[in-house]
Each structure stands twice: as C-alpha cells, then as structure tokens.
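# Overview (structure and organization)
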Amino acid sequence: MPDSARSSSIPFIYNIFPSLLGECDKWLAHVERAVEMGFNWIFINPIHLTGASGSLYAIRDYFQFNPAFFPYESFDAQKGRLTAFVNECHEMGAEVMIDLVINHTAYDNPLTRDHRNWYKTNDDGSIKNPGTKDDQAPGGYVVWGDLNEIDNEHSSDRNNLWEYWWKVVEMYLSCGVRGFRCDAAYQIPNDLWRMLIERSKSMHPETKFFAESLGCPMEQTIGLAKSGHDFVFNSGKWWDYRADWFIDQLKMGQGQMASICFPESHDTERLATEWNRDLDRIKQHYLMTALISSGVLILLGFEYGFTKKPHVVNTRPHDYEGANYDLTDYIREVNSLKRGHRVFAEDNRIERLDGGDDGILALKKTSLDNKEAGLLVFNRTGDSREVHLNDLIRRVNARPYKPTTAANVKLPATAERLKLNRYGAVAFRLY
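The structure presented is a predicted model; accordingly, all values stated were derived computationally and were not measured.

## Section: the overall build of the protein chain
Across its full length, the protein chain carries 12 helices and 20 strands. Since a compact globule built from 431 residues should have a radius of gyration of about 22 Å, the 22 Å found for the protein chain is in line with a globular shape. Along the first, second and third principal axes, the C-alpha atoms of the protein chain reach 70 × 45 × 40 Å. The buried share of the protein chain, reckoned over its 431 residues, is 57%. Put simply, of all contacts in the protein chain between residues at least 6 apart along the chain, 70% involve residues at least 24 apart. Accessible surface computed for the protein chain: about 17,600 Å², of which carbon and sulfur atoms make up 44%. The positive charge centre, built from 50 side chains, and the negative charge centre, built from 59, are 6 Å apart in the protein chain.

Here's what the structure looks like:
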C-alpha cells in the first residue's frame, strides 16, 4: 500500500488484540494482511504491565510493558522494540494507535500508595472501585474489584496528575505512535483532553485521538468531539436496520463529529457466534458499518469468522482459531469503495427512502459539500426481495452509476429491477 494510504484522512482500523498473538514479533504478519485489505491504522489494546488480576485494562505501571508482548529485561529495550514495530507498520502503510486508559488503574498500582490523592475515595476513606450498570449482575450493577478509580476532575493534586498523563502520551509519541483510542473518554474532563490533544498536536500535528464514548448521551459524545477528539465511536453495530435511533444519532452528529462504526469489537460477542456464521448477514453488516459513517474498525479474526470473544484476562495465543470462512477479498472491495467515494466516508446528511417493500431499507447519503450522493439498499429479511430501481431513483432525482459493490445481490443489466437475495446489500453512487 502506498504511503499516501497511511496519511489518508479516512480511518480504516484493524484491531490487534495482543493476547491472541503473544510476542510483538508475531504481530507483523497480521499487519501485512490488514494493509492488504485496505486498513491504514493498527489499533492495539493496552500493552502495559498489568496488575495482579492480569487484565489488560488493569494497569500496574504505565512505564513498563507487558512481558507477554515485549519479553525484554529493560524498559529501554521494550520501548525500542515498540518503536521498531511502529516503524515497520509505517513501512507497510499503517499508523499505530494505542489504547489510552487514564480513568482507572490496577488496584495494586504503586500510584495508589504514592499518590493516593489522585484517586476517588469512599466515605470510609478507602479508594473507590469503578463500576457500571449491568442487567446481568446482581442488583443491576457490576463493580470491578481489580481497579481503582482516578479522580481526574477533583483531585487536590490535579496539576501533577494531569502532567503524569501527559508523560504517558509523550512516551508513546516518542515511539512514533500517532493515534490514541481514549478508553471511556466520557468519564474524563474535557479540559484534560484538550490539554493532551493540544500538546500532542503541537508536537506532531498528524496525531489523532479516537474517543470511546459508547453508552453516553449524544450531547456528551458531541462534547468529546468539540474537546478536540478527531473521531468518536458510534453504536451502529447494534442497529437492527429498522429502529430510528441510529439514524437519529447520525443526524444529530452531522457536521459536528466524525464517527467510526464496527461490526464487532473486543467488548462484544463475535458476529460469527451471534449470527451462527450466517455469511450473508455478516457481509451485509460489514457493508453497512463500513459505509454509513466516517471510519470503520474490525477486530482481528473478523475476516475469518472467529467465534471466541477475546477475554481481557484469559485469552492466550492458543485461542487463535482457524478460518471458518474468508472475507478478506470482500472487505478489500468494500474498503476500496469507501476510499474512492467521499460520500461513503463522512458523517453526512442521511435520509430514509421508501423502498416499496417493508423488507427493503433504502438510505440516501449526501456529502457535506453536496457534490456527491450515494444510495445504500438493504434486504433486511432472510428471503429474496425485488426492488423497483426506477421508482427509487426517481425519488432522489438522480440516475445511478453502475453498482459499486454488493453482497448477495443479482446485479441488473438495467436500472429497472434489482433482486436482493437474503440479507443482500448494494451501494450506488448517484452523482
């Protein structure tokens, strides 16, 4: 892939879950495959030294790396290997994004002893464990006992705390990392994000910040974008192609944020498991998540139909699966379409059209500069459906180009009728 792909403003993100591969030296073959599919960002979950629980997200030391990934005696040697990996990714045509976890630490992080006033405390003075709503947990709430919650907003030593986070970011920047996926970004004060983002971009203007904002109100998500985050993650993965909520969210964010969609992530069940390896439905969902907004992310193994959800504590390289199917060519085709048509690479104007059949979803997207328009047509049923394209095209006062890409669709010789097999999907460039 040419270097220009690396510098593309469109984020095509491939998530390497490091516990699934082990040592850093084993990551590069997967980077090569990702780049061949059209991805230009490699996102890696936390690689720091973990606490007693072993969870990737329970960080014991931000200035030591996990020996499972960097088996070297000194931090300088670990840092040198990360820098070499980043440079190797650059040579292949990809930037590297690191998970930035600054809302909590492991309960056995020395900071809990040396900087106790950096943490939130309970009424009895003990350091608080973070938690979240969970319908499956007793009382509807789950507490993570292996974590202690940072008080980024009200700490009595806030300036030194914020400077510590800057040193973490600065260390990664010195390794050539130019992307940060900001874990639970909505739990961090926007002023802290502004400081980290402004300092990073003053040193390296090409640096990008990606806010993980799932579960927070749209107003708060838009606030993260206004604080300087280049991208946020949207909730399209859970859309059923019928309800209004997702389209409403996209409309609220239009012109105010750029978002990234994904068919699955390390936090969700594998789509191959959730949908019982229904390849037609999975291909449709990738086309939608790739073309509906500004960027797209897939998790290592999505292309091969992996079925095991990664575990932040227990996953090991022996959990790496064989291929249940191979979507690499299809993903490459869809990514190429997105790269070639701005209308499918923005959070822009979107509207539903009458598809003439309750089983058909038709969406028109119009670029922010009004110079491009595209049409996405989905069969949201498990049966074949026929679309009267002439009627649909007349509603948008345009004439379609040749269909750009499709999943499980019999492409027509003319624009009169379009047959979509079960869970078929097709994208048109209108003008």
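## Considerations on the pairing of strand β1 (residues 12-16)
In terms of residue burial, β1 counts as a mostly covered element, since 5 of its 5 residues are buried. Covered by surrounding structure in β1 are Phe12, Tyr14 and Ile16 together with Ile13 and Asn15, the residues of both alternating faces. Alignment of β1 against strand β14 (residues 295-299), held across 4 bridges, turns out to be parallel. Within the sheet, the bridge partner assigned to Asn15 lies in β14 and is Leu299. In the sheet, β1 pairs with strand β2 (residues 41-44) via 4 bridges, with the strands oriented parallel. Along β2, the bridge assignment pairs Ile13 with Trp41.

## What to know about the packing of helix α2 (residues 28-36) against helix α3 (residues 75-92)
Contact geometry for α2 and α3: axes closest at 10 Å, N-to-C directions at 25°. Put simply, α2 runs roughly parallel to α3. In terms of crossing hand, the pair formed by α2 and α3 is right-handed. Across from Leu28, Val31, Glu32 and Val35 in α2, the residues of α3 making contact are Arg81, Phe85, Glu88, Cys89 and Met92.

## Remarks on unusual backbone geometry
Backbone geometry follows two general trends: most residues other than glycine have a negative phi, and most peptide bonds adopt the trans configuration. For Ala184, which is not glycine, the phi torsion reads 45° and is therefore positive. For Ala184, the position within the fold is in the loop between β10 (179-182) and α6 (190-203). On the accessibility criterion, Ala184 (8% relative accessible area) is buried.

## Quick look at α3
Given a rise of 1.5 Å per residue, 18 residues ought to cover 26 Å, and the 26 Å separating the end C-alpha atoms of α3 matches this to within 8%. Residues Phe75, Gln78, Arg81, Leu82, Phe85, Val86, Cys89 and His90 constitute the buried set of α3. Gly93, located one to two residues past α3, shows a positive phi value of around 115°.

## Some words on the nonpolar core
The biggest cluster of nonpolar side chains holds 109 residues, and the ones touching the most others in it are Trp27, Ile47, Phe85, Trp165, Tyr172, Trp193 and Tyr286. Examining the composition of this core, we find that 10 residues originate from one element, helix α5 (residues 158-174), more than from any other. When neighbours within four sequence positions are excluded, Tyr172 is seen to be in contact with Ile47, His48, Phe65, Leu82, Ile98, Val177 and Phe180. Counting residues in hydrophobic clusters, the runner-up holds 14 residues, among them Ile360, Val377, Leu420 and Val426.

## What to know about helix α8 (residues 245-253)
Listed as buried for α8 are Phe246, Ile247, Leu250 and Gly253. Seen along its axis, α8 keeps its buried residues to an arc of 130°; they face one direction. Considering only its buried residues, α8 is in contact with α7 (218-226), β13 (259-261), α10 (279-291), β15 (349-353) and β16 (360-366). Just downstream of α8 lies Gly255, where phi reads positive at about 80°.

## Remarks on the packing of aromatic side chains
Summed over all chains, the structure comprises 25 aromatic pairs. Between the aromatic rings of Phe65 and Phe70, the centroid separation amounts to 5.3 Å while the plane-to-plane angle is 40°, which identifies the pairing as tilted. When its relative accessible area of 0% is taken as the criterion, Phe70 is described as buried. Members of the aromatic cluster, connected to one another through ring pairs, are Trp27, Phe65, Phe69, Phe70, Phe75, Phe85, Tyr172, Phe180 and Phe209. The ring centre of Tyr330 lies 4.8 Å from the NZ or CZ of Lys283, which sits over that ring. Geometry around Phe12 places Arg339 over its ring, the cationic atom sitting 4.4 Å from the centre.

## Overview of the side chain of Asn103
With respect to the helices, strands and loops of the structure, Asn103 is situated in the loop between β5 (95-100) and β6 (104-106). Only 3.2 Å separates the side chain of Asn103 from the side chain of Gln187, close enough to count as a polar contact. Aside from chain neighbours lying at most four places away, what touches Asn103 is Glu149, Ile150, Asn152, Asp183, Ala184, Gln187 and Ile188.

## Some points on the sheet that holds β10
Taken in spatial order, the 8 strands of this closed barrel run β1-β2-β5-β10-β11-β12-β13-β14, and their pairing is parallel. Going across the sheet, the axis of each strand differs from the next one's by a mean of 30°, ignoring polarity. Where α3 meets the sheet, it contacts β2 and β5, and its direction lies at approximately 135° from that of β5.

## Quick word on the side chain of Asp347
Examined against the element boundaries, Asp347 turns out to sit in the loop between α11 (328-340) and β15. Of the buried charged residues, Asp347 lacks a salt bridge, with Lys365 as the closest side chain of opposite charge at 6.9 Å. Engagement of the side chain of Asp347 in a polar contact is seen with the side chain of Ser259, the distance being 2.6 Å. Those residues in contact with Asp347, other than ones at most four positions away along the chain, are Leu250, Gln254, Gly255, Met257, Ala258, Ser259, Ser293, Ser294 and Leu368.

Procedures and definitions
Residues numbered from 1 in each chain as written. Predicted model: local features only at pLDDT ≥ 70, side-chain atom pairs only at ≥ 80, totals over all residues. Heavy atoms only, no water. Helix = DSSP H or I, 4+ residues; strand = E, 2+ residues; numbered from the N terminus. Rg over C-alpha atoms; globule rule 2.2 N^0.38 Å. Buried < 20%, exposed > 50% of the residue type's maximum accessible area, 1.4 Å probe, protein only. Contact = heavy atoms within 4.5 Å. Areas by Shrake-Rupley, 256 points an atom, 1.4 Å probe, with all protein chains shown as cover. Lys, Arg positive; Asp, Glu negative; His and termini not counted. Charge placed at Lys NZ, Arg CZ, Asp CG, Glu CD. Pairing = 2+ DSSP bridges. Axes fitted to C-alpha atoms, helices over the stretch in contact; angles between N-to-C directions. Parallel < 35°, antiparallel > 145°, perpendicular 65-115°, else oblique. Left-handed = near helix turned anticlockwise from the far one by under 90°. Expected span 1.5 Å × (residues − 1). Core = buried A, V, L, I, M, F, W, Y, C linked by side-chain atoms within 4.5 Å. Arc of directions from axis to C-beta. Phe/Tyr/Trp six-rings, centres within 6.5 Å; stacked < 30°, edge-to-face > 60°. Lys NZ or Arg CZ within 6 Å of the ring centre and 35° of its normal. Polar contact = N/O pair within 3.5 Å; in protein donor to acceptor, adjacent residues only side chain to side chain. Salt bridge = Lys/Arg side-chain N within 4 Å of Asp/Glu carboxyl O.

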